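# Analysis of the macromolecular model
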Amino acid sequence: MISAMTSSERVAKVVLVDIEGTTTSISFVHDVLFPYAKNNVEKFLRDSWGGDDTNQIVQDLQQVPQFSDYKNTLCALPASVDVKLITGFVRYLIDKDLKVTPMKTLQGLIWAQGYGDGQLKGHVFEDVPAAFQAWCAAGLRIGVYSSGSVAAQKLIFGNSIAGNLETYLSAHFDTHVGHKQEQQSYENIAKALAEDPQHILFLTDIPGEAAAARSAGLQAIILQRPGNAALTDDQKSSFEVITDFKPLQNLKLPENKPLA
Ligand SMILES: CSCCC(=O)C(=O)COP(=O)(O)O
Ligand SMILES: [Mg+2]
């Protein structure tokens, strides 16, 4: 059942934004970031092999359930865990867009090099900077919840095509807090923010994420950005759907307008 509240009447203390399909185009993530990680993973692993961070990631990658599936796809089992095996597995996970935490950590480390040398600039839709500015000016906090690692989130917003947007953001959450279609993750986020769930507005492109957030008591709105997957009639009638952040420019704190 769609909430009776419209975006212009909403109040919140925290806006929690997803990245891919919400602040940022899906095509930037899939056509720029993922290929960059696939093309550079082998060199990254060679250069850092044996280092503490890479050792931990390599160990964690071997624990993910898909590791044995991947090895079964190989013609011959490798004699040892080496750069080639882990490179192949990381590329396999990226191709399947599996949101596996150690692979996401590794992607963030690889992208840091691309942002550092100017090859990468984070895409954000043109309405995003103005909305961030308006929400902060109204006294709201802005948090990010993405399957991309916290380090990757800071890179995309800190090095965006609209400049450094990281200054607007006061909290970051990745899959260490839980997966995005699980109610518990949003309960964990509300607790970490020390905020009543009903005062958190979650913006996402994925109906399953919106449903999980709502089941934890958060408000949720779905973004229908260019390039996002089509929504079913049922999804459209269950959630408020907006095409950009402009209808949310005038969000206010609940003190100014109490929740109905
Ligand atoms: C942090 S930028 C890269 C985003 C990413 O890796 C990803 O998987 C997108 O997931 P999201 O939860 O933002 O839809
Ligand atoms: Mg998304």
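Keep in mind that this is a model prediction, so the values were computed, not measured.

About the thresholds
- Residues numbered from 1 in each chain as written.
- Chains lettered and ligands numbered in written order.
- Predicted model: local features only at pLDDT ≥ 70, side-chain atom pairs only at ≥ 80, totals over all residues.
- UniProt positions renumbered as here; feature names shortened; annotations may be inferred.
- Helix = DSSP H or I, 4+ residues; strand = E, 2+ residues; numbered from the N terminus.
- Contact = placed C-beta atoms within 7 Å.
- Near = placed C-beta within 6 Å.
- Nonpolar A, V, L, I, M, F, W, Y, C, P; charged D, E, K, R; others polar.
- Domains from an automatic or database assignment.
- Buried ≥ 20, exposed ≤ 12 C-beta atoms within 10 Å, placed from the backbone.

Once that is clear, we can look at the UniProt feature "binding site: substrate" (unreviewed entry) in the protein chain. When the UniProt feature table is mapped to this numbering, "binding site: substrate" (unreviewed entry) covers S146, S147 and K180. For the annotated residues, spread through 35 residues, the largest C-alpha to C-alpha distance comes to 7.8 Å, consistent with a single compact locus. Here S146 shows up in the loop between β2 (141-145) and α7 (150-158). Setting aside residues up to four positions removed in sequence, S146 forms contacts with D18, I19, Q153 and D174. Excluding residues within four positions of it along the chain, K180 makes contact with Y145, S147, S185, E209 and A212.

Around ligand 1 sit 14 residues in total, of which I19, E20, S146, S147 and G148 are the nearest. Mapped by element, the contributors of at least two residues to the shell around ligand 1 are α1 (26-48) and α7. By residue number, the principal contributor to the shell around ligand 1 is α7, which donates 3 residues. For the shell around ligand 1, the residue count by class is 5 nonpolar, 5 polar and 4 charged. Each of domain 1 (7-24 + 122-248) and domain 2 (29-116) accounts for three or more of the residues forming the shell around ligand 1.

This next bit is on the domain arrangement of the protein chain. Domain boundaries assigned for the protein chain yield domain 1 (7-24 + 122-248) and domain 2 (29-116). If you average the C-alpha positions of domain 1 and of domain 2, the two centres end up 27 Å apart. With 12 residues of domain 1 at the contact, the number on the domain 2 side is 10 residues. Split into classes, the residues belonging to the side of domain 1 that touches domain 2 amount to 3 nonpolar, 7 polar and 2 charged.

A separate point is the UniProt feature "binding site: Mg(2+)" (unreviewed entry) in the protein chain. With numbering aligned to this structure, UniProt lists the feature "binding site: Mg(2+)" (unreviewed entry) at D18, E20 and D205. Across 188 residues, the annotated set stays spatially compact, with a maximum C-alpha separation of 7.8 Å. Its place among the elements puts E20 in the loop between β1 (14-17) and α1. On the neighbour-count criterion, E20 (24 C-beta atoms within 10 Å) is buried.

Looking at where A230 falls in the secondary structure, it is placed in the loop between β5 (219-223) and α10 (233-238). Using a count of 7 C-beta atoms within 10 Å as the deciding quantity, one classes A230 as exposed. Taking C-alpha positions, A230 is 45 Å from A79, a pair spaced 151 residues apart along the chain.

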